[in-house]
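Residue-level listing of the chains:
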Amino acid sequence: MYRYIRSENSSLEEIEKFGGKARNLFLLSSANIAIPRWCVIPSDILENSIGFTEDKLTLDKKILDEIRIFFSSDDEEITFAVRSSALNEDSKNYSYAGIYKSYLNVNFDDLENKILAVRNSLKSKVANSYVRSANTADQNIAGMAVIIQKQINADISGVGFGLNPVNGDEETKVINAVFGIGEGLVSGDLIGDTYKIKDNKINEVSVKKKDFFFVLDKECSGLERAQIPYKLKESQVLDQSRIFQVGELLDKVKEVFGSPQDVEFCYEKDKLHLLQSRPISAIRKNEEYILWDNSNIVESYPGVTTPLTFSFINMVYESVYKQFVRLMGVRDHEIEENNEVFANTLGLVRGRVYYNLRNWYKMLAMAPGFKLNARFMETMMGVKERFDLDDEQRLSKGMARIRVIGMIINILGIHRNLKKERQRFLKHLEKIMTEFEKMNFSELTLDRQVEEYKRFEKSLILEWKAPLINDFFSMVWFGLLKKQSEKYFPESPNIHNNLLCGSRDIISVIPMRESLKISENILKHPEIKALFTSKKPDEILNVLETTDNPDFKHLKHQIDDYLQKFGERCIGELKLETISYTQQPDRFIHLIKNYVEENISLFSGEKDIDAELRKNAEAQVSDFLRFKPLKRWFFNKTLRKSRELVSNRENLRYERTRVFGMVRRMFTAIGQRLHELDVLLHARDIFYLKREEMLELNLNGLSSAKISELREKIATRKTEFDEYSSQHDPRERFYTYGYKFTDEYIYSTEKLEPVKDDLSGIGCCPGIVNAKVRIIRDPDKVDSLKGDILVTSSTDPGWIKLFPGCSGIIVERGSLLSHSAIVSREMGIPCIVAVDGLLRSLKDGDRITMDGSTGKIQIHR
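Residues numbered from 1 in each chain as written. Predicted model: local features only at pLDDT ≥ 70, side-chain atom pairs only at ≥ 80, totals over all residues. Heavy atoms only, no water.

### Side note on the overall build of the protein
If you tally the helices and strands in the protein, you get 30 helices and 26 strands. Going through the 861 residues of the protein one by one, you find that 59% of them count as buried. Here the analysis covers contacts within the protein between residues at least 6 apart in sequence; of these, 72% occur between residues at least 24 apart. (Helix = DSSP H or I, 4+ residues; strand = E, 2+ residues; numbered from the N terminus. Buried < 20%, exposed > 50% of the residue type's maximum accessible area, 1.4 Å probe, protein only. Contact = heavy atoms within 4.5 Å.)

### Details of the nonpolar core
In this structure, Phe312, Tyr321, Phe456, Phe667 and Ile686 are the most contacted members of the largest nonpolar core, which totals 83 residues. Counting residues per element, this core draws most heavily on helix H8 (residues 307-327), at 12 residues. Here tyrosine 321 is in contact with Phe342, Trp360, Met363 and Leu468, once residues within four sequence places are set aside. (Core = buried A, V, L, I, M, F, W, Y, C linked by side-chain atoms within 4.5 Å.)

### As for the sheet that holds strand E9 (residues 193-198)
Read across the open sheet, the 6 strands follow the order E10-E9-E8-E7-E13-E14; overall the sheet is antiparallel. Edge positions in the sheet fall to strand E10 (201-206) and strand E14 (271-279), since each of these pairs with one other strand and no more. Sheet twist, expressed as the average angle between the axes of neighbouring strands with direction ignored, equals 20 degrees. Looking at chain direction, E9 and E10 are connected through 5 bridges and run antiparallel. (Pairing = 2+ DSSP bridges. Axes fitted to C-alpha atoms, helices over the stretch in contact; angles between N-to-C directions.)

### Here's the deal with unusual backbone geometry
Backbone geometry places aspartate 678, a non-glycine residue, at a positive phi of 65 degrees. For aspartate 678, the location among the structural elements is in the loop between helix H25 (629-676) and helix H26 (691-695). Phi angles above zero are rare outside glycine, and alanine 834 is one such case at about 55 degrees. Looking at where alanine 834 falls in the secondary structure, it is placed in the loop between strand E24 (831-833) and helix H30 (838-841).

### Quick notes on the pattern of salt bridges
Counted by the stated rule, this structure contains 43 salt bridges. Across the salt bridge formed by aspartate 678 and arginine 711, the nearest N and O atoms sit 3.3 Å from each other. Here the residue aspartate 678 occupies a position in the loop between H25 and H26, and arginine 711 occupies one in helix H27 (residues 704-726), the gap between them amounting to 33 residues. Residues joined by salt bridges that share partners form a network here, namely Glu430, Glu437, Glu655 and Arg658. (Salt bridge = Lys/Arg side-chain N within 4 Å of Asp/Glu carboxyl O.)

### As for a positive patch on the surface
On the surface, Lys483, Lys487, Lys628 and Lys631 cluster together into a positively charged patch. Since its relative accessible area comes to 61%, lysine 487 is described here as exposed. (Patch = residues over 30% accessible without salt bridge, like charges linked within 9 Å, V, L, I, M, F, W, Y side chains within 5 Å. Areas by Shrake-Rupley, 256 points an atom, 1.4 Å probe, with all protein chains shown as cover. Lys, Arg positive; Asp, Glu negative; His and termini not counted. Charge placed at Lys NZ, Arg CZ, Asp CG, Glu CD.)

### A few points about a nonpolar patch on the surface
Taken together, Leu630, Trp633 and Phe634 make up a surface patch of nonpolar side chains, about 370 Å² in accessible area. Position of leucine 630 among the secondary structure elements: in helix H25. Under the relative-accessibility criterion, leucine 630 is labelled exposed at 69%.

### Points about the sheet that holds strand E21 (residues 768-775)
The strand order across the open sheet built from 8 strands is E19-E26-E25-E21-E22-E23-E24-E20, with neighbouring strands paired in mixed fashion. Here the strands that pair on one side only, and so sit at the sheet edges, are strand E19 (759-760) and strand E20 (762-765). Looking at chain direction, E21 and strand E22 (residues 789-792) are connected through 3 bridges and run parallel. By the bridge assignment for E22, arginine 774 is matched with leucine 790. Running at roughly 40 degrees to E20, helix H29 (residues 819-827) makes contact with E20, strand E23 (808-811) and E24 of the sheet.

### Details of the environment of alanine 343
Structurally, the position occupied by alanine 343 is in the loop between helix H10 (339-342) and strand E16 (346-349). Note: C-alpha distance between alanine 343 and asparagine 359 (16 residues apart in sequence) is 9.2 Å. Excluding residues within four positions of it along the chain, alanine 343 makes contact with Asn314 and Glu318.

### What to know about helix H3 (residues 61-70)
Residues separated by three or four positions in an α-helix point in the same direction, a consequence of the helix having 3.6 residues per turn. For H3, the full list of buried residues reads Ile63, Leu64, Glu66, Ile67 and Phe70. Angular distribution of buried residues about the axis of H3 spans 160 degrees; they occupy a single face of the element. Close packing links the buried residues of H3 with strand E1 (38-41), helix H2 (43-48), strand E3 (56-59), helix H4 (111-120) and strand E6 (144-150). Between the side-chain oxygen at the start of H3 and the backbone nitrogen of lysine 62 there is a gap of 2.9 Å, and the oxygen is on aspartate 60. (Arc of directions from axis to C-beta. Polar contact = N/O pair within 3.5 Å; in protein donor to acceptor, adjacent residues only side chain to side chain.)

### Here's the deal with the side chain of serine 121
Relative to the helices and strands, serine 121 resides in the loop between H4 and helix H5 (125-134). One polar contact links the side chain of serine 121 to the main-chain carbonyl oxygen of valine 118, over a distance of 2.6 Å.

### What about the packing of helix H18 (residues 509-523) against helix H22 (residues 585-597)?
With their axes 9 Å apart at the nearest point, H18 and H22 run at an angle of 60 degrees to one another. On the basis of the axis angle, H18 is oblique to H22. Here the hand of the crossing between H18 and H22 comes out right-handed. Contacts from Ser515, Leu516, Ile518, Ser519, Ile522 and Leu523 of H18 reach H22 at Phe588, Ile592, Tyr595 and Val596. (Parallel < 35°, antiparallel > 145°, perpendicular 65-115°, else oblique. Left-handed = near helix turned anticlockwise from the far one by under 90°.)

### Some thoughts on H4
Counting buried positions along H4 yields 9 of 10 residues, so the element is predominantly enclosed. Burial in H4 covers these residues: Leu111, Glu112, Lys114, Ile115, Leu116, Ala117, Val118, Arg119 and Asn120.

### Some remarks on the packing of aromatic side chains
By convention here, two paired aromatic rings are described through the distance between centres and the angle between planes. The tally for this structure, following the rule as stated, stands at 28 aromatic pairs. With centroids separated by 4.3 Å and ring planes inclined at 15 degrees, the aromatic side chains of tyrosine 562 and phenylalanine 588 adopt a geometry described as stacked. With tyrosine 562 in helix H21 (residues 550-566) and phenylalanine 588 in helix H22, the pair connects residues that are 26 residues apart, well separated along the chain. Neither residue differs from the other here; tyrosine 562 and phenylalanine 588 are each classed as buried. Members of the aromatic cluster, each reached through a chain of ring pairs, are Tyr562, Phe566, Tyr581, Phe588 and Tyr654. Over the ring of tyrosine 103 we find lysine 114; its NZ or CZ atom is 5.2 Å from the centre of that ring. (Phe/Tyr/Trp six-rings, centres within 6.5 Å; stacked < 30°, edge-to-face > 60°. Lys NZ or Arg CZ within 6 Å of the ring centre and 35° of its normal.)

### Focus: the pairing of strand E8 (residues 172-179)
For E8, the tally of buried residues reaches 8 of 8 residues, placing the bulk of the element in the interior. Side chains of E8 alternate between two faces, with Thr172, Val174, Asn176 and Val178 and Lys173, Ile175, Ala177 and Phe179 buried alike. Two strands pair when backbone bridges link them, and strand E7 (residues 156-161) and E8 are joined in this way by 6 bridges, in the antiparallel orientation. What sits directly across from serine 157, in E8, is valine 178. Note that E8 and E9 share 6 bridges and pair antiparallel. Along E9, the bridge assignment pairs alanine 177 with aspartate 193.

Structural data, given as structure tokens:
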């Protein structure tokens, strides 16, 4: 009857194109096990039914018609679960759990989009990483079938294992269950009750407190759902009879497949449904344990980062850290042998950038002094827990002793010449930047644009020694300052921060001061102030560009001068897809308009708290070390070097911003040219290509078929990355075995558990503030904080636009050397970073008292 879809009525010959999950459903249905009504679009039929219209994939409408008819006997308001069933999915060795897309509660009108999204997940970065890590013949199997199943509005959902998946005990069955639909359990948002059955007896019961559970929201579709508070806080999910009923189901499923299975089940009222089954795949011993952390790098790459940016920064990190270890005395052949380590210091996890800590530590372990360098690196990177390599992954003691003498001589020479090296770098950078700033990339041919980019990359990005050296020594000297301060002043845990206040030479603060000067100038002229308070940003810009009024002209010159110097300093400035103030000046006008409307000027933004903190800390040091000349000499030397290097670290980061701004300008021009040549449908599609793919584009070899393939790749990635944007952020720190970024690894079962007591973090700038909290997730959507305490996950230099209007800053991530810590000290704004549970414990409008010295946060409930 059906040409395009198949179900339990199929023949055995047809199920080869069903994929793992659908094949299992077929066998279970044949064994008369209760399964919600389902059908599958086989992989070959699905591929032959996909078209491409403009920038969107489409599905043959005949498939949708058949699905409608197949489910027509059900209720009119039926919704669907749309699940993956890849040909390589749910094998005995590799489960692919969480790798491919699945959607719940899908309306018929959205069915086409979700079917295509599941199909596209076959080629996602997550899937590719998993397949590579599998290192098996599965890598050669391609094809995705898609299951469409009647959505059950579950009262209870769960997973069951025919054996203990932790220790492999085949005599024990393990069941995990939650109230409502199973999404919260699979994603890790909820902690389910756990039941163990052994020898036909309930061997163990673990009941968790339930603050809420998930139910389907009839007004939503896809993964959207409601969180419904559960009144019976300590209620057990499964009673005794249902525990045994699920246990019997596990036995039946084992009989069908001949081995213990991992199943998903649900109860609707009193009826038990089996949703899917797959073999239990244990962790393979040959896969490397990898620790991932984004404590600090999230400051530079917040939220979802596009493939072009990630591939670019991955190349940069590989290059500069090869330069770094070479400076530390590591030999070229050793670097070559560890190419895989340097090429994978970063990872892209659901679109978020993470450090691969195993490879970072491997990199450091190539040089002597590993233990000392590792501890200092942890401070600089803001990682909260230590991670140590196995002894065999470090240098032998004999080799380390031989190397350490050479490294010390090398480091002393580098340290002595650091100032000259920094000056040489800045001179070289200015020369290259001046040359490229004069170019009009939009007028160049595509070949010339690519050629100039490669020249820029070789001239500057691959010559990044000075910032690396400065970062290394700032890490070392700041670590020494912190260690000495803790030893001499245990009762003043923040004194090392106070001693770094008031430098007045950190360039990160200059853009804010310059923008406040512009606001101050506007506030002095009633006519200009009236313009900024009454018009929209684009209208203001238009007036400034066309007026003959000398005051207006002076202001326009002031704004142009700012954009020339600091136009690339914006939110997400290191993400190449970000639109900077240089590219869109009315965004900067919008910022100034907010300052004017809130009456924020240079005077209101300037504070002398930092100078007072510094003065008091210096007096405390002087008094304690007055009669200890040797200790005083070494402490003062450490302090002087820390101040110099930390300030230079922040200033050199600004030069990095300029370089990234130039790369952004080049890539944007290449995207525009490819759009004009009808290769890309939209100029900004360039950001969904990888750097290597972009540089390899050859117009002479781009047939219409190749262009179509390229567009489909971009469309698939855009869909994939849009999905990432709608997902929870993965944990700040998690582990995997190989590169399997599945839900079970990347999401915390504690993610939504609020901290019940008061909070604490690392105090960065002292001061006690009692005020309301303003939680900021997107700074571009906030005009002014009006004296509230800024609370967020992480900041980058572009966030400084919000600092003048806040009374304090609290950041969930970060370290003592992160941007928010350094700039808050310079501006004298009380600040706390690295606060566990911050965003899940506070909400907008909560009143708190924060102590920027101790890092303590008192919540007034």
